Amino acid sequence: VLSRVNVLLGYQDTPTRARQQWCRMHFLNARLLDQATRISRQLEGYLARFGYGKSELASSCGRDASLLQKCLVSGLFANAARRRGPSGGSYQLLRGGGALDVHPSSVYFGADATPEYVVFASAMTTTKAYINGVTAIDPAWLTALAPNYYSASQTAP
């Protein structure tokens, strides 16, 4: 998820005339990033209608990834998993214990160093159970943000 946010921010930070070149250089689809930018502006418009001004939106998260990660934990706490073994892309659900592998389309697939704790946006089963939309988290956030779901003993290293 953070990779997608960083790509969109990079695209939006690029001058309009240079965006096509930037997309070619990074092997990205400019049409989809234009669409994501329009959706982002539309969401800002909705928030403005509910009384949130530009200054509040700009200061809501900025470029602080930990705030976005905490937001993801708040919504995806049931999709928390811990790495199985010292390295590799295999995880185990914290609640339920199912084994999960990182999907090949994820930035963590095949990575030398993978985070110990993650939340994921989606899971799919083919020959294995795969997770996608994987974001590294601090396990302490689980007990702080979902105290009725996790105890400190469930998230202890």
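Bear in mind the structure is a predicted one, so any value in this text is a computation, not a measurement. (Residues numbered from 1 in each chain as written. Predicted model: local features only at pLDDT ≥ 70, side-chain atom pairs only at ≥ 80, totals over all residues. Heavy atoms only, no water.)

**Digging into the sheet that holds strand E3 (residues 99-102)**
The 5 strands lie next to each other as E1-E2-E3-E5-E4, forming a closed barrel whose pairing is mixed. With strand direction ignored, the average angle separating the axes of adjacent strands in the sheet is 50 degrees. Pairing analysis gives 2 bridges linking E3 to strand E5 (residues 129-136), with the strands arranged parallel. Among the inter-strand pairings, Asp-101 is bridged to a residue of E5, identified as Tyr-130. Together, strand E1 (80-83), strand E4 (117-125) and E5 form the strand contacts of helix H5 (residues 65-76), whose direction differs from that of E4 by roughly 50 degrees. (Pairing = 2+ DSSP bridges. Helix = DSSP H or I, 4+ residues; strand = E, 2+ residues; numbered from the N terminus. Axes fitted to C-alpha atoms, helices over the stretch in contact; angles between N-to-C directions. Contact = heavy atoms within 4.5 Å.)

**Concerning the pairing of E3**
Where strand E2 (residues 90-93) and E3 come together, 3 bridges link them in antiparallel fashion. Bridge pairing links Tyr-91 to Leu-100 in E3. As consecutive antiparallel partners, E2 and E3 are separated by 5 residues, and within that stretch Gly-96 has a phi angle of approximately 110 degrees, a positive value.

**Concerning a nonpolar patch on the surface**
Taken together, Ile-39, Leu-43, Tyr-46, Leu-47, Phe-50 and Tyr-52 make up a surface patch of nonpolar side chains, about 620 Å² in accessible area. Turning to its location among the elements, Leu-47 is positioned in helix H3 (residues 30-49). What makes Leu-47 partly exposed here is its relative accessible area of 34%. (Patch = residues over 30% accessible without salt bridge, like charges linked within 9 Å, V, L, I, M, F, W, Y side chains within 5 Å. Areas by Shrake-Rupley, 256 points an atom, 1.4 Å probe, with all protein chains shown as cover. Salt bridge = Lys/Arg side-chain N within 4 Å of Asp/Glu carboxyl O. Buried < 20%, exposed > 50% of the residue type's maximum accessible area, 1.4 Å probe, protein only.)

**So, the confidence of the model for the protein**
When pLDDT is averaged along the protein, the result is 86; 89% of the residues meet or exceed 70. When mean pLDDT is compared element by element in the protein, helix H2 (residues 19-26) scores highest at 95, while helix H4 (residues 54-59) scores lowest at 55. (pLDDT = per-residue confidence, 0-100.)

**A closer look at H2**
Among all positions in H2, only Arg-19, Trp-22 and Cys-23 are buried. With its buried residues spanning 100 degrees around the axis, H2 presents them on a single face. Exposed residues pointing more than 90 degrees away from the buried face of H2 are listed as Arg-24 and Met-25. Contact partners of the buried residues in H2: helix H1 (2-13) and H3. (Arc of directions from axis to C-beta.)

**Some thoughts on the packing of aromatic side chains**
Applying the stated criterion across every chain, the model contains 3 aromatic pairs. Relative to Trp-22, the ring of Tyr-11 has its centre 6.1 Å away and its plane inclined at 55 degrees; by these criteria the two rings are tilted. Note that Tyr-11 is positioned in helix H1 and Trp-22 in helix H2, a separation of 11 residues in sequence. The same class applies to Tyr-11 and to Trp-22, which are both buried. Ring centres of Tyr-149 and Tyr-150 lie 5.0 Å apart, and the angle between their planes is 75 degrees; this geometry places the pair in the edge-to-face category. (Phe/Tyr/Trp six-rings, centres within 6.5 Å; stacked < 30°, edge-to-face > 60°.)

**Observations regarding H5**
For H5, spanning 12 residues, the distance from its first C-alpha to its last is 16 Å, which sits close to the expected 16 Å at 1.5 Å a residue. What H5 keeps buried is the set Gln-69, Leu-72, Val-73 and Leu-76. Each buried residue of H5 sits inside an arc of 105 degrees when the element is viewed along its axis, so together they form one side. The exposed residues of H5 that point more than 90 degrees off its buried face are Cys-71 and Gly-75. Buried-residue contacts for H5 involve H1, E1, E4, E5 and helix H6 (139-145). (Expected span 1.5 Å × (residues − 1).)

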